[in-house]
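Residue-level structure breakdown
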Amino acid sequence: MSNAIEGATPGFLVWRLSMKWRVALDRALAPVGLTHAQYSLVASLLGMERAGLRPSQRALAEHTGLEALYVSKLARGLAAAGLVERASDPSDSRAVQLSLTEEGRAAASRAVEVVRRLIDELLAPLGGLGGPATETFTQTLTALLDVPVPAVTSSPEE
């Protein structure tokens, strides 16, 4: 039985899917000790570190799509938990570089595996992570994410 709502707009369906997946991810990540937002940071850091990068908070915000202030708050909490190290950027005294601690790297690796299994389950209707429908779905989402957000030029009263 489908949870689709008759006449639902694409935007509403994207919102519903986003909320459903966020709840599922928060539940799956709880045993690892991370929230979905924290996972976004540590998993991104793990991938960036594997690529030889040590990103600034701003670069991580741009990568994750989270607000820079929120990334700063999350990074402080993760640092207090011993998962992330924050250091001044030698090339820009105003910037803060982030890296995973050994404990953070281990937690991020565990979390990535948990999330990979969950996403494979959530994508089962499309054939799982390796399914051709999933590839098409990913390309569609990427195309939508590539569309710039229009600037507000007038108020509705005008």
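Preceding this section is the structure that the text describes.
Because the structure is a prediction, the values reported are computed rather than measured.

Right, let's get into the overall build of the chain. If you tally the helices and strands in the chain, you get 6 helices and 2 strands. Each helix and strand of the chain, placed in order from N terminus to C terminus, yields the pattern α-α-α-α-β-β-α-α. In the chain, buried positions account for 30% of the 158 residues. A fraction of 46% describes how many contacts in the chain between residues 6 or more apart in sequence connect residues 24 or more apart. Charged side chains of the chain number 15 positive and 17 negative; the gap between the two group centres comes to 7 Å.

Viewed as axis vectors pointing N to C, helix α2 (residues 36–50) and helix α3 (residues 57–64) meet at an angle of 105°, and their least axial separation amounts to 10 Å. Viewed along their axes, α2 and α3 adopt a mutual orientation that is roughly perpendicular. Taking contact as the criterion, the partners of Ser40, Leu41, Ser44, Leu45 and Met48 in α2 are, on α3, Ala59, Leu60, His63 and Thr64. A class-by-class count of the residues in the contact of α2 with α3 yields 5 nonpolar, 4 polar and no charged.

It is worth spelling out the layout of surface pockets at this point. In this model, the largest pocket occupies a volume close to 2200 Å³. Lining the largest pocket are 45 residues, with Val14, Leu17, Ser18, Trp21 and Leu141 sitting closest to its centre. Contributing elements (two or more residues each) for the lining of the largest pocket: α1 (10–29), α2, α3, α5 (102–122) and α6 (132–145). Of all the elements, α1 adds the most residues to the lining of the largest pocket, at 13 residues. A breakdown of the residues in the lining of the largest pocket according to their chemical character gives 27 nonpolar, 12 polar and 6 charged. Its boundaries defined by the atoms lining it, the second largest pocket holds a volume of some 180 Å³. Taken together, Ser56, Gln57, Arg58, Ala68, Leu69, Ser72, Arg94, Ala95 and Val96 form the lining of the second largest pocket.

Attention shifts here to the pairing of strand β2 (residues 92–100). When strand β1 (residues 84–89) meets β2, the two strands line up antiparallel, connected through 6 bridges. Along β2, the bridge assignment pairs arginine 86 with leucine 98.

What follows deals with the nonpolar core. Core analysis: the biggest nonpolar cluster contains 32 residues, and Leu29, Leu34, Val42, Leu60, Leu78, Val84 and Leu100 have the highest contact counts within it. Counting only elements with at least two residues in this core, the list comes to α1, α2, α3, α4 (68–80), β2 and α5. Top contributing element to this core by residue count: α2, with 8 residues.

Turning our eyes to something else, we now look at the environment of alanine 75. Tracing the sequence through the fold places alanine 75 in helix α4. Taking the C-alpha atoms as reference points, alanine 75 and leucine 98, 23 residues apart in sequence, are found 7.8 Å from one another.

The rules behind each value
- Residues numbered from 1 in each chain as written.
- Predicted model: local features only at pLDDT ≥ 70, side-chain atom pairs only at ≥ 80, totals over all residues.
- Heavy atoms only, no water.
- Helix = DSSP H or I, 4+ residues; strand = E, 2+ residues; numbered from the N terminus.
- Buried < 20%, exposed > 50% of the residue type's maximum accessible area, 1.4 Å probe, protein only.
- Contact = heavy atoms within 4.5 Å.
- Lys, Arg positive; Asp, Glu negative; His and termini not counted.
- Charge placed at Lys NZ, Arg CZ, Asp CG, Glu CD.
- Axes fitted to C-alpha atoms, helices over the stretch in contact; angles between N-to-C directions.
- Parallel < 35°, antiparallel > 145°, perpendicular 65-115°, else oblique.
- Nonpolar A, V, L, I, M, F, W, Y, C, P; charged D, E, K, R; others polar.
- 1 Å grid on protein atoms, 1.4 Å probe; cavity = no way out; pocket = protein on both sides within 12 Å on 5 of 7 lines; lining within 4 Å.
- Points joined across faces, edges and corners; volume = space filled by probe spheres on them.
- Pairing = 2+ DSSP bridges.
- Core = buried A, V, L, I, M, F, W, Y, C linked by side-chain atoms within 4.5 Å.

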